[in-house]
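For reference, the chains in residue letters:
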Amino acid sequence: MLDFPATVEAKNIETLLWKKCFHSHIEAYRQDIKKLAVVLDTKYNDRGNSAGHVAQSFAQYKSEENLLQLTSSLERFLAQALAFYQELICEFEKRRSNSVGDDAYSRRQIYFCLLYLGDVARYAEIHSVSSKQKDWSVPERYYTRALQTMPGSGNPYNQVSNSEREKILFCP
């Protein structure tokens, strides 16, 4: 991405990278978590005083353990995605400060990185098991920086509205 800007822009490599290497995996984790949560909810609501209660309780325990492991794996993956995009921004900012390459290209790539960082931070907040109180300021800061980087773009506004919607859905 740093050395072949014409190819990156012609083929939308930054978008392909996000979709294929990060977003598709995040969505797969989210779907698996959702399915497991539905199974757990069904098992919890179907519990009775039957002879199979002990087996059902054990199955629920294993499902809860699997859900925790899956969520922890997602959190690790999101942390790696954050680190990747933060490092990429640093590399593009170095190029801009050293006047190496096309400044407009670097600015666009930083913009995309900031959008993706906002998305990753938003997903991390949604699926965080370590904090009871959600902190939506991190994704909002990335989206705000994206707006400052390319003020004419509407995508950050859309992402902020997604974040606002999720605040309502995921805050107690």
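Figured I'd write up the structure that's included with this text.

Reading the values: rules and limits
- Residues numbered from 1 in each chain as written.
- Predicted model: local features only at pLDDT ≥ 70, side-chain atom pairs only at ≥ 80, totals over all residues.
- Heavy atoms only, no water.
- Core = buried A, V, L, I, M, F, W, Y, C linked by side-chain atoms within 4.5 Å.
- Buried < 20%, exposed > 50% of the residue type's maximum accessible area, 1.4 Å probe, protein only.
- Helix = DSSP H or I, 4+ residues; strand = E, 2+ residues; numbered from the N terminus.
- Axes fitted to C-alpha atoms, helices over the stretch in contact; angles between N-to-C directions.
- Parallel < 35°, antiparallel > 145°, perpendicular 65-115°, else oblique.
- Left-handed = near helix turned anticlockwise from the far one by under 90°.
- Contact = heavy atoms within 4.5 Å.
- Nonpolar A, V, L, I, M, F, W, Y, C, P; charged D, E, K, R; others polar.
- Phe/Tyr/Trp six-rings, centres within 6.5 Å; stacked < 30°, edge-to-face > 60°.

## Considering the nonpolar core
- Ranked by internal contacts, the top residues of the largest apolar core, which has 35 residues, are Trp18, Phe22, Ile26, Tyr85 and Val120.
- Mapped by element, the contributors of at least two residues to this core are helix H2 (13-45), helix H3 (53-97), helix H4 (103-126) and helix H5 (137-149).
- Broken down by element, this core gets its largest block of residues, 12 residues, from H4.

## Here's the deal with the packing of H4 against H5
- At a minimum axis separation of 8 Å, H4 and H5 run at an interaxial angle of 165°. Here H4 lies roughly antiparallel to H5, going by the angle between them. Between H4 and H5 lies a crossing of left-handed hand. Residues Arg107, Ile110, Tyr111, Leu114, Leu115, Leu117, Gly118, Asp119, Ala121 and Arg122 of H4 pack against Val138, Pro139, Tyr142, Tyr143, Arg145, Ala146 and Thr149 of H5.
- Looking at side-chain class alone, the contact of H4 with H5 contains 11 nonpolar, two polar and four charged residues.

## Here's the deal with the packing of aromatic side chains
- By the definition in use, this model includes 12 aromatic pairs.
- Ring centres of Phe22 and Phe84 lie 5.3 Å apart, and the angle between their planes is 35°; on these two criteria the pair is classed as tilted. Of this pair, Phe22 sits in helix H2 while Phe84 sits in helix H3, and the two are 62 residues apart along the sequence.
- Relative accessible area serves as the criterion here: at 9%, Phe22 is assigned to the buried category.
- Ring geometry for Tyr85 against Tyr116: centres 5.5 Å apart, planes inclined by 55°, an arrangement best described as tilted. Remark: Tyr116 occurs in helix H4 and Tyr85 occurs in helix H3; sequence separation between them is 31 residues. Both residues of the pair, Tyr85 and Tyr116, belong to the buried class.
- Site record: aromatic cluster; members linked through ring pairs are Trp18, Phe22, Tyr29, Phe77, Phe84, Tyr85, Tyr111, Phe112 and Tyr116.

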